[in-house]
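# Observations on the model geometry
Chain by chain, the residues:
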Amino acid sequence: MTYRTVLTVTGLDLGDGDVELAAAVCSESDAHLSVLVVALAAPPPIGEYAAMVSDPWLQERQSDLDRLEQRTSAVSALLASREISSDVVSDYPEEAWGDDVIGRRARYADIVLLGPEMLSGGALKDKAIEGVLFSSGKPMLLVPRGFTPSLRPKRVAIAWDSRLESSNALSSSLKLLRTAEDVHLVLVDPREGEEGHGAEPGADAATYLARHGIKVTVDRLPSQGRTVAATLRQHAIDMAADLLVMGAYGHSRLRQRIFGGVTKSMLEELPLPVLMAR
């Protein structure tokens, strides 16, 4: 079984780079490309000043809708020149509901690819990431600038901490792990025991992968005073991995925002393409 539908998200002020990357991935994998063009609408004015500002708000809204139509047409024309199956749709939700809209659309894809233009920052980036992770149940492939993504990576590092999120990421990546030549299960400061990784850290997960025909090497790493994210990042670089697979938001989003965490740190500094799932 392979990924048959890839979704990518783009916006009004983004270029065509992310769409081109996604199209190349679909061409390589003979997959269908679905593109969602999103513009985030400002909320309508309320209160005693609503009447005063309603005309500018309506004008801004109409301008956004016109630009959204133009952008959608441009993406459709771009993909029409590519020899892949594709579709392009658009949406104009209020910013507060942007993640829900993106998450619902992602439910009809096998994987969501977010490229370097989307990841450069802004409200749409946050809405896309949170929508996929919290509202779709599907994996997300994040591609930093300078990398060529593939659904057939040769060397893969899997961040494993035995939590539910890691398990879901592992299951979501089975399709691409089967074709990889070198797969490493990476554990940072693993804890033995029932509440941790079991009697032999990594053994159960390695056995699970082996039953799927995936040969895996277990790497148990000491953090040595570094953060887990920094340890994973450096190890993936050292082994020249094409892809890092990891679970996302093992702690709440609020806790991650306040105190930091592996997901937050990785999103801020992607060392290579990363497949995340929750």
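Refer to the preceding data block for the structure.
Residues numbered from 1 in each chain as written. Predicted model: local features only at pLDDT ≥ 70, side-chain atom pairs only at ≥ 80, totals over all residues. Heavy atoms only, no water.

Attention shifts here to the packing of helix H3 (residues 98-106) against helix H4 (residues 123-135). When two helices pack together, their arrangement is given by the angle between the helix axes and the distance between those axes. Direction vectors running N to C along H3 and H4 enclose 50°, while the axes themselves pass 7 Å from each other. When the axis of H3 is compared with that of H4, the two are oblique. At the point where H3 passes H4, the crossing takes the right-handed sense. Facing Gly-98, Asp-99, Asp-100, Ile-102, Gly-103, Arg-104 and Ala-106 of H3, the residues of H4 in contact are Leu-124, Lys-127, Ala-128, Glu-130, Gly-131, Val-132 and Ser-135. Residue composition of the contact of H3 with H4, grouped by class: 5 nonpolar, 4 polar and 5 charged. (Axes fitted to C-alpha atoms, helices over the stretch in contact; angles between N-to-C directions. Helix = DSSP H or I, 4+ residues; strand = E, 2+ residues; numbered from the N terminus. Parallel < 35°, antiparallel > 145°, perpendicular 65-115°, else oblique. Left-handed = near helix turned anticlockwise from the far one by under 90°. Contact = heavy atoms within 4.5 Å. Nonpolar A, V, L, I, M, F, W, Y, C, P; charged D, E, K, R; others polar.)

Core analysis: the largest hydrophobic core is formed by 45 residues, its most contacted members being Val-6, Leu-33, Leu-79, Ile-158, Leu-177 and Leu-209. Here the element with the most residues in this core is helix H1 (residues 17-29); it accounts for 6 residues. Of all hydrophobic cores here, the second largest spans 38 residues; its members include Ala-106, Leu-119, Val-186 and Leu-221. (Core = buried A, V, L, I, M, F, W, Y, C linked by side-chain atoms within 4.5 Å. Buried < 20%, exposed > 50% of the residue type's maximum accessible area, 1.4 Å probe, protein only.)

For the rest of this paragraph, the subject is unusual backbone geometry. With a phi close to 70°, Ser-162 is a non-glycine residue in the positive phi region. Within the element layout of this structure, Ser-162 appears in the loop between strand S6 (155-159) and helix H5 (164-172). Despite not being glycine, Ala-240 shows a phi value in the positive range, around 55°. Among the secondary structure elements, Ala-240 is positioned in the loop between helix H8 (228-238) and strand S9 (243-247). Residue class for Ala-240 comes out partly exposed when judged on its relative accessible area of 46%.

Mapped onto the fold, Arg-233 is located in helix H8. The buried charged residue Arg-233 lacks any salt bridge, with Glu-269 as its nearest oppositely charged partner at 4.1 Å. Among all residues touching Arg-233, those that are not within four sequence positions of it are Ser-265, Met-266, Glu-269 and Pro-271. (Lys, Arg positive; Asp, Glu negative; His and termini not counted. Salt bridge = Lys/Arg side-chain N within 4 Å of Asp/Glu carboxyl O.)

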